Amino acid sequence: MNEPVLYFDYAATTPVDERVISVMVDCLGASGNFGNPASSSHSFGQKARLAVELAREQVAHLVGAQASQIIWTSGATESSNLALKGVAQERAKRQAAAGGRPGHIITSLIEHKATLDTARQLEEQGVDVTWLAPDSEGLISADAVSAALRDDTFLVSLMLVNNELGTVNDIAEIGRRVRGHGALLHVDAAQGAGKLPIDLSQLAVDLMSLSAHKIYGPKGIGALYVGPRAQQRVLAQIHGGGHECGLRSGTLATHQIAGMGAAFALAAEVLEEEAVEIQRLSDLLCDRLAEIPGVCINGSPTQRIAHTLSFTFTHNDLDVAALGESLAFSSTSACNSAKNLPSHVLLALGLSPQAASQTIRLSLGRFTREQDIARAADLIRASLIEPAFWAVAQAR
């Protein structure tokens, strides 16, 4: 009997935890908590509203925010769109009234496409954008941000954890410098929440994008943290009822929201224990793959999470198609994979398209086991082709 495919693509998405599913099911069906949270005149709506507000508290607790600062969205992509477009449009509105210019934002070349594409759209609308390149370790330094700040810089948008490399930016120091300058800081924390401690009561972060499906919650639900300095400085992108403090209209999906709340509450309980175990498994995987000649780990060896690893095989060709039959991994981010393009993150890091094609991302998670590590390493070794044999096969 064939062995099941191993799952090492937790950075793309995670399975919904059974404990989260249980909470979600309670919000479905005629006997469940199916009411519209906006229907305050009867018990069905009131009960649904309680579930929504509990989830808001659970999400806020994990990231050290206040429940009133959490705005529900359809996911981190929408959250980032709301943050960037909302802030830029609110500023443009004020500037237009005063006869000013659109202004300047800072982001990096290795952000998620939700940020990159949104920043490009703003650029087309007249906003000046500085695109910071990562250093050799895949990090955006506070000094690089400081050097790029201008008098008219009103927003900086950077990710906490890079989705392809697992590298962790020094958001605390970056935030101090951005706040000292007077600009707002937006942080994409989709890959960081539930993996690293986050305390927004201490960080100089004004807006933060969060996602449920990266930490064992459902797809299609996310949140945007809106801190005190960003309030009244974000314009809504979806209109039709004034829900979520007027920032995001639409009937709230109680089951999705309750699921996100449960996933964040569970993450708060197991964060430290889970981080230790995943670090142990990550170290085992690195040790096993280090035996392969020419294998390189991309990104900082220390300023990173253990969950996400990017390996380039420089001395061998990797049969990606064959490997994919037994091992679920990523050869780029999901947003690039859909277009069959080389990773923009790896290219920005200085890798050639050829090297990027011989790079895989392996991401570990809650249900990864030690025996999975050994099997994954064996599968990767079996998929390596000596360059000389590969050249002969291509010639044929």
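Cut-offs and rules
- Throughout, residues of each chain are indexed from 1 in the direction in which the sequence is written.
- Only residues with pLDDT of 70 or above have their local features reported here, since the model is predicted, and side-chain atom pairs are shown and tallied only from 80 upward, although totals for entire chains, interfaces and linings are computed over all residues.
- Hydrogen atoms and water are omitted, and side-chain values are computed over all heavy atoms in the structure.
- The source of the domain bounds is an automatic or database domain assignment.
- Residue contacts are defined here by distance: any two heavy atoms, one from each residue, within 4.5 Å place the two residues in contact.
- The term buried area denotes the loss of accessible surface (1.4 Å probe radius) that occurs when two parts are joined, taken as the sum for both partners.
- Strands here mean DSSP runs of E at least two residues long; helices mean DSSP runs of H or I at least four residues long; both are numbered from the N terminus.
- Relative accessibility decides the category of a residue: with a 1.4 Å probe and only protein chains considered, values under 20% of the type maximum give buried, values over 50% give exposed, and everything between is partly exposed.
- The definition of a polar contact used here is a pair of N or O atoms within 3.5 Å, where within protein one atom must be able to donate a hydrogen and the other to accept one, and adjacent residues in sequence count solely through side-chain atom pairs.
- Multiplying 1.5 Å by the residue count of a helix minus one yields the expected span of that helix.
- Paired rings are identified among Phe, Tyr and Trp, the last through its six-membered ring, by centres lying within 6.5 Å, and are further divided according to the angle between planes into stacked (under 30 degrees), edge-to-face (over 60) and tilted (the rest).
- The criterion for a charge sitting over a ring is simple: Lys NZ or Arg CZ within 6 Å of the ring centre, and within 35 degrees of the ring normal.
- Salt bridge, as applied in this entry: a Lys or Arg side-chain nitrogen positioned within 4 Å of an Asp or Glu carboxyl oxygen.
- Every residue is assigned a pLDDT by the predictor, reflecting its confidence on a scale from 0 to 100.
- Two strands qualify as a pair provided DSSP detects at least 2 bridges between them.
- In this analysis an axis means a line fitted to C-alpha atoms, helices contributing only their contacting stretch, and an angle means the value between N-to-C directions, from 0 to 180 degrees.
- Left-handed is the label given to a crossing in which the near helix is rotated counterclockwise from the far helix by less than a right angle, and right-handed is the label when the rotation is clockwise.
- In this classification, the charged set is Asp, Glu, Lys and Arg, the nonpolar set is Ala, Val, Leu, Ile, Met, Phe, Trp, Tyr, Cys and Pro, and all remaining amino acids, among them Gly, are polar.

J.: Residues and numbers for the domain arrangement of the protein, please.
T.: Taken domain by domain, the protein holds domain 1 (6–14 + 271–393) and domain 2 (18–266). The C-alpha-based centres of domain 1 and domain 2 are spaced at 28 Å. Taken together, the contact pairs 31 residues of domain 1 with 36 residues of domain 2. Roughly 2800 Å² is buried in total at the junction of domain 1 and domain 2, and carbon and sulfur atoms are behind 56% of that figure.

J.: Quick one: what's the story with the side chain of S157, residue by residue and with numbers?
T.: Relative to the assigned elements, S157 resides in strand β5 (residues 153–159). On the basis of relative accessible area, S157 is assigned to the buried category, the value being 3%. Only 2.8 Å separates the side chain of S157 from the side chain of H186, close enough to count as a polar contact. Not counting chain neighbours up to four residues away, the residues in contact with S157 comprise L84, I106, T107, S108, E111, T115 and H186.

J.: So what's going on with helix α4 (residues 113–124)? Which residues, and what values?
T.: Between its first and last C-alpha, α4 extends 16 Å over 12 residues, near the 16 Å set by a 1.5 Å rise per residue. Residues K113, A114, T115, L116, T118, A119 and L122 constitute the buried set of α4. One or two steps after α4, the chain reaches G126, where phi turns positive at roughly 110°.

J.: A description of the packing of aromatic side chains should follow, citing residues and the corresponding values.
T.: Working definition: an aromatic ring pair is given by the centre-to-centre distance plus the angle between the planes. Evaluation of the coordinates by the stated rule reveals four aromatic pairs. Between Y7 and Y10, the aromatic rings sit 5.1 Å apart at their centres with planes inclined by 70°, giving edge-to-face as the arrangement. One aromatic cluster in this structure is built from Y7, Y10, Y216 and F367. The ring of W131 carries the charged tip of R120 above its face, separated from the ring centre by 5.4 Å.

J.: Account for unusual backbone geometry, with residues named and values stated.
T.: Although it is not a glycine, E244 adopts a positive phi angle of roughly 50°. Note on E244: relative accessible area 8%, which makes it buried. With phi around 60°, C245 is a residue other than glycine that occupies positive phi space. Topologically, C245 is positioned in the loop between β8 (222–226) and α7 (254–289). Judged by its relative accessible area of 68%, C245 is exposed.

J.: Mind laying out the pattern of salt bridges, listing which residues take part and the relevant values?
T.: Applying the stated criterion to the full structure yields 22 salt bridges. With a shortest N-O distance of 2.9 Å, D17 and R19 are connected by a salt bridge. A single network of salt bridges, built from pairs that share partners, joins D17, R19, E274 and R366.

J.: Can you lay out the confidence of the model for the protein for me, pointing to particular residues and giving the numbers?
T.: Chain-level pLDDT for the protein is 93 on average; 95% of the residues reach the 70-or-more range. Across residues 388–396, confidence stays below pLDDT 50; counting only partners more than four residues off in sequence or on other chains, it has two contacts.

J.: I'd like to hear about the sheet that holds strand β13 (residues 359–363), residue by residue, with values.
T.: The three strands lie next to each other as β9-β10-β13, forming an open sheet whose pairing is antiparallel. One side of each edge strand has no neighbouring strand; the edge strands of this open sheet are β9 (295–297) and β13. The mean inter-strand angle of the sheet, taken between neighbouring strand axes irrespective of direction, is 30°. Packed on one face of the sheet, α7 meets β9, β10 (308–313) and β13 and runs near 5° to β10.

J.: Pulling in residues and values, what's your account of the packing of helix α2 (residues 43–63) against α7?
T.: Contact geometry of α2 with α7 gives a least axis separation of 8 Å together with a crossing angle of 35°. Here α2 and α7 pass one another in a crossing that is left-handed. Note on element contacts: α7 touches α2 through T254, I257, A258, M260, G261, A262, F264, A265, A267, A268 and L271, opposite A48, A51, V52, A55, Q58, V59, H61 and L62. The residue makeup of the contact of α2 with α7, split by class, is 15 nonpolar, four polar and no charged.

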